[in-house]
Amino acid sequence: MAIRPESEEIMTEKVLYEELCPTEFQKRLADCPAAYLPLGTLEWHGPHLPLGADGIQSQELFVRVARRVGGIVLPKLFLGPDRFYHDPERELYGMDLYTGGTIIPYPMQQLPGSAYWLPDEEYRTMILRIGANLSRAGFRVLVAHGHGPSTHQFAALEEEMKERYGLICFTAFDVLENTPLRYQNDHAAANETSITMAVRPELVQMERFAAGEEPVAMAGEDPRIHASADYGRKILEINIDAICRKVEEILKKK
């Protein structure tokens, strides 16, 4: 197996699990038994990004990886773990809760559109069941990435997935040092906005920022100042290269 140079055929080949017929599935699996799992949410990502930004970014990364090195991209998840607060009147989670690290402080509030929270134990059970199913289907590698809390909890299960199902698992955070070019390393700020500009520019609506509006529930560098499609392409390419190299390295050892 070798990383292939891009061509028109490779740029359009089918890599999404749900679109493959059984014969296509068997061929792709035999060529490269790697699965890619986009860890998404339906979550507030500022006024300018889509609610499914987490899964959109990770799926676009994995589609490009699969077309370059092989493998199959799983459907996006939209449920995931996060911080949680509950009282008799309301249930808040994720960026609803200000805990520091954002561009500005803001009051605790239910942000519009967020609908994804899953308790930690239920999420871990779901990931392990996905691992069992993929192992049964013949996969040997599982790469997952996306929503931060989902990605970190997936990483915590890497050893258990290997022991129970023989799956070698990793995330994009495992293959790149802690730099600004790590994939999805902020929340709706310059990193995620730039990635979305690079992979789905039609979904980025910077004009949704009202004049003088503060960037509520967004963590990282202000996207109005620091985001660009060029920056997103730089992040995308370095992560594609790193993941492809890691997949090749694992499968060569098998």
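Computed from a predicted model, the values in this text were never measured in an experiment.

### Here we look at the sheet that holds strand β5 (residues 141–146)
Alright, step 1. Pairing is parallel across the open sheet formed by four strands, whose spatial order is β2-β1-β5-β6. Each edge of the open sheet is held by one strand with a lone partner, namely β2 (72–73) and β6 (168–170).
Alright, step 2. One ladder, built from two bridges, connects strand β1 (residues 34–39) with β2; its direction is parallel. Directly across from Tyr 36, in β2, lies its bridge partner Val 73.

### Digging into the side chain of Thr 171
Alright, step 1. For Thr 171, the position within the fold is in the loop between β6 and α7 (190–199).
Alright, step 2. Side-chain polar atoms of Thr 171 contact the backbone nitrogen of Phe 173, separated by 3.1 Å.

### Here's the deal with the side chain of Glu 43
Alright, step 1. By secondary structure assignment, the location of Glu 43 is in the loop between β1 and α3 (53–69).
Alright, step 2. Although Glu 43 lies buried, it forms no salt bridge, and the closest oppositely charged side chain, Arg 83, sits 6.7 Å away as judged by the N-O distance.
Alright, step 3. At a separation of 3.2 Å, a polar atom in the side chain of Glu 43 contacts the side chain of Thr 41.
Alright, step 4. In this structure Glu 43 touches Pro 50, Leu 51, Asp 54, Asp 82, Met 95, Ser 114, Tyr 116, His 147 and His 187, once residues within four positions along its chain are discounted.

Reading the values: rules and limits
Residues numbered from 1 in each chain as written. Predicted model: local features only at pLDDT ≥ 70, side-chain atom pairs only at ≥ 80, totals over all residues. Heavy atoms only, no water. Pairing = 2+ DSSP bridges. Helix = DSSP H or I, 4+ residues; strand = E, 2+ residues; numbered from the N terminus. Polar contact = N/O pair within 3.5 Å; in protein donor to acceptor, adjacent residues only side chain to side chain. Buried < 20%, exposed > 50% of the residue type's maximum accessible area, 1.4 Å probe, protein only. Lys, Arg positive; Asp, Glu negative; His and termini not counted. Salt bridge = Lys/Arg side-chain N within 4 Å of Asp/Glu carboxyl O. Contact = heavy atoms within 4.5 Å.

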